[in-house]
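# Observations on the three-dimensional arrangement
If you want the building blocks of each chain, they are given just below.
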Amino acid sequence: MSFRDFSQGLQSANDYLDTRHHISGTQAGGTDALRGVVSAEYSFTLRELLCGLLAGNGLRLPNVQICLHSNIGALLGIQGLQGELVDALNEVQGELEKFMDHTKFDQVLGRLNGVLAEAQNVANMINFCSTPVDPIAIPNMLERAMGSFLGAGKAITDGIGAISDADMCACISADGSFNSNIFNGGLLGNLASNFTKVTNGSFLQSELDAITADAKAIGSQISGLINFENNIGGSFARGGSQFAAGGGDSNCNSQIGVMHNGASGGIAGNARLTSQLKSLYDRLGGYPVQFSQGQSTGQMNVGHQYDSDGNRVFGEEVIEFPNIFHLLLDQELLDIIQKDDNPNPNIDTQSPVYDYCGNIIGFSTNHQQRTDEQSEGSDPQTPNSPGYNAGGFTTDTSNFSGTGSTITGSTVIQNFSGTTNTLFVVGSENAQNALSTQENDIVVRTDILTVFTRKDPSTSSTSTLADYQQATSTLLEFLNNLNAEAGSGLIVKDAGVSRARKVEQTAGQIKVTNADGIGGDIKIELEENTRIPGTAAVKIPVGTTAQRPNTEIGEIRYNSDNHSIEAYFGDTTTWKSLLTTSSTTGVQGGLNVGSGSEVFKDTTGTNLRFRSVVGGTGITVAQGTDELTLSDSITASNVGTGTGLFDARTGDNFKFKSLTSTDGTVTITQTATTVDISNMGGVPSDPLTTTDGTATILQFNGATPEPASDKTWFYEVRALGVATTGEKQAFRVEGLVTNVGGNLSIIGTPIKIDYQRTGTSDVGTASWDAMASYNQGDIVEHNLNTYTANNNISGGYPANNQSPDQDATNWTLAYSGWNVNAEVIANQFRVRAKGSSGKTVTWSSAITFIEA
């Protein structure tokens, strides 16, 4: 093989692993040149387990999750769902899918591995670090990480939809629709109980709000459970050891550093990083690297410091390091990682076994507990260099923003403890309101460059900015915004920014001149012929007669002496009352009340003029001493010959006879202006549409007619089917049906005519009888298909033969196309029609009969 990085070329993979072929003139020394890679092979048992998993066996199936997911999907497939219900179901479905991912086998094993790793590493570190680890009991760790399977998960799924154990494995309906019969609680149980409201979209807003609240609560429970179980921790307090003296500039790295928060990930997380670090060093520690602070070549689609041929372009001085870890780790950790591992266990004392000649023939192990080892490092010291847990201050991890849903997207930049209070630096209002602060704590807001001081939490705990006293102004941002504001008008302060607002006018009320102030002063005055809006009242001046002002034509006021509204008239240059609540001897005017034709006309001098009441056609007016009597001479009658519809008039009530059709032979349709009477030569059928080859019952006026007890019909059925693709087919069926004491039967063989089928094989064909005997070649009808007997078939008691569609041995399908028939089924007289698969057929039918 050949690699471009190797100028001399490579002959084998060993050349690639050999440190001498990487950088010219350099070669790793010591044990670093002996790093190697090992591989492993699955055991027999492990392969057996793998076979079981590949076959899909051995794991408890997620019937609950699948059942809920399928039924929610079926609900979402219903047309016309109310928008709020769709949103709520989508939210629950999304959270349920997160829970299904959370309970996948690989995720479950990952959490178990996390518990095991945390427990193993906690056990390995007890009493080792200078500051010891305070462990959590292993059963408690397992219960925290596996709550989904220890009742918490089932409680949440029951909140989505509770299902009895007996219904679990049959929870999905055969046609894939929502199965409303299996849920006895939870959100889906509520929807199943109100399924009519689901399908016709009639939930009230209060009911939709309750469903939405339930959906959000379920989502919060699932998210909380997932976050809680994934946060695996095996100790109440983590320990540690210091391997270098803190303080000074020796720990201050001026180059790119490695970001790591030792307080996150638990002991197992840090142990995994430690194991990976040691393993990677064992494999890569023998390969030198070269450092150079070069610049980009500026070419498109090439890496920084690399040209288009893939060659590195060095910029400044080239410094060679023994390996990459010299750029990642401080020297004290390099010294530790370069040491060989000590593989000796704590119990390792051995004694030789001698034969009778004094030769060593073996060894015996003496199990003796060695003294527990302890880290050589000292208790951790607080550094004073920049970085996490640095600068001489302790980072308060309980106030980190961005880890909770209430402050997503915000970040606490830095916080530290002083002597008595805490200073927080945050980047948003949400982050500030999410802090756990005490009285007099200080919060610096980097987004608005201002400072807040915490008020007393005992008197102010609203989780809003009202809990803080603003210490500095945001005037700079306001002034900068004011300078950049491009609009015109009055300047107002909107939160921390400025806004240009114009003065608006209202037509008919307020008139504004120069609304934006560009042309000078803004002038605001009343419109001419001003309209005063509202439904309350307008307050006018109130005063005595002596308090009347110097007169000006058009003045109006309320006179408190005579309790009247008065105005100053120019024609008489006097004050006159407009309205009064006092009784006077003079006529003040008249008023029509209510709606309709007005009786009062006007006032002429002291006369009130009223309109006369005049009678018209059929209406007479009789004038008495004190009253007017209105009466009528209106009557009604039937005109022409035939049966009359008008019955009689009783007082003001005109009574008419109703139109009915007791035998259903005519159809009576009432509209707003007409009564339509029609007849199709019998009782018309209700609308019916078929889309497949299933025999479907025709109804007539919403019922399935049949002879009354001890009555016989000579019936005739006429039917027409029209397909959307243009095919048409007509049928006529006639025969006798009788009802003897409640037992219905067909007398003889009905006569059928299929007007479109040549040589109709089912004309005069009897319906198949399970107890009857048949000869080879006999033809019967079953479910509107005709069948021919292949053999002689014996019937009668106790034989009970299979139907022709189930017995391919004795019967052959002769015809399966469109068909109509009238027959007795389960002691009921029924008319049925059948189309064909893939055809949308609209049926129109009518039945007539003679009853005796």
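Above this text sits the structure in question.
Treat the numbers as computed from the prediction; the structure is a model and nothing was measured.

### Digging into the packing of helix H3 (residues 63–76) against helix H4 (residues 83–102)
At a minimum axis distance of 10 Å, the contact between H3 and H4 shows a crossing angle of 155 degrees. When the axes of H3 and H4 are compared, the pair comes out roughly antiparallel. You can see that H3 and H4 cross each other, and the crossing is left-handed. Here Gln65, Leu68, His69, Ile72, Gly73, Leu75 and Leu76 of H3 come into contact with H4, specifically with Val86, Leu89, Asn90, Val92, Gln93, Leu96, Glu97, Phe99 and Met100. Across the contact of H3 with H4, the residue classes break down as 10 nonpolar, 5 polar and 1 charged.

### So, the sheet that holds strand E38 (residues 811–815)
Read across the open sheet, the 3 strands follow the order E36-E37-E38; overall the sheet is antiparallel. Each edge of the sheet is formed by a strand with only one pairing partner; in this case those strands are strand E36 (779–782) and E38. For this sheet, the mean angle separating the axes of adjacent strands, direction not counted, is 40 degrees. Pairing of strand E37 (residues 785–789) with E38, which is carried by 4 bridges, proceeds in the antiparallel orientation. When the bridges of E38 are listed, Tyr787 appears paired with Leu813.

### Topic: the state of the cysteines
Enumeration according to the criterion identifies 1 disulfide in this entry. A sulfur-sulfur distance of 2.2 Å marks the disulfide that ties Cys67 to Cys171. With Cys67 in helix H3 and Cys171 in the loop between strand E2 (162–163) and strand E3 (183–185), this residue pair connects regions lying 104 residues apart in the sequence. Across the pair, Cys171 and Cys67 agree in class, each one buried.

### Comments concerning the pattern of salt bridges
If you walk through the whole model with that rule in mind, you get 18 salt bridges. For Lys216, the salt bridge is made with Glu91, and the minimal N-O distance between the two is 3.7 Å. Of the two residues, Lys216 sits in helix H10 (residues 205–230) while Glu91 sits in helix H4, which places them 125 residues apart along the sequence. The exposure class of Lys216 is partly exposed, given its relative accessible area of 45%.

### Comments concerning the packing of aromatic side chains
If you walk through the whole model with that rule in mind, you get 12 aromatic pairs. Look at Phe452 and Tyr468: their rings are 6.4 Å apart centre to centre, the planes differ by 75 degrees, and that puts the pair in the edge-to-face class. Residue Phe452 is found in strand E12 (residues 450–454), and its partner Tyr468 is found in strand E13 (residues 468–470); the two are separated by 16 residues along the sequence. Here a set of aromatic residues connected by ring pairs shows up, and it is made of Trp713, Tyr715, Phe829 and Phe849. The residue whose ring lies beneath Arg454 is Tyr468, and the NZ or CZ to ring-centre distance is 5.5 Å. We note Lys576 situated over the ring of Phe569; from NZ or CZ to the ring centre the distance is 5.2 Å.

Conventions used here
- Residues numbered from 1 in each chain as written.
- Predicted model: local features only at pLDDT ≥ 70, side-chain atom pairs only at ≥ 80, totals over all residues.
- Heavy atoms only, no water.
- Axes fitted to C-alpha atoms, helices over the stretch in contact; angles between N-to-C directions.
- Helix = DSSP H or I, 4+ residues; strand = E, 2+ residues; numbered from the N terminus.
- Parallel < 35°, antiparallel > 145°, perpendicular 65-115°, else oblique.
- Left-handed = near helix turned anticlockwise from the far one by under 90°.
- Contact = heavy atoms within 4.5 Å.
- Nonpolar A, V, L, I, M, F, W, Y, C, P; charged D, E, K, R; others polar.
- Pairing = 2+ DSSP bridges.
- Disulfide = S-S within 2.5 Å.
- Buried < 20%, exposed > 50% of the residue type's maximum accessible area, 1.4 Å probe, protein only.
- Salt bridge = Lys/Arg side-chain N within 4 Å of Asp/Glu carboxyl O.
- Phe/Tyr/Trp six-rings, centres within 6.5 Å; stacked < 30°, edge-to-face > 60°.
- Lys NZ or Arg CZ within 6 Å of the ring centre and 35° of its normal.

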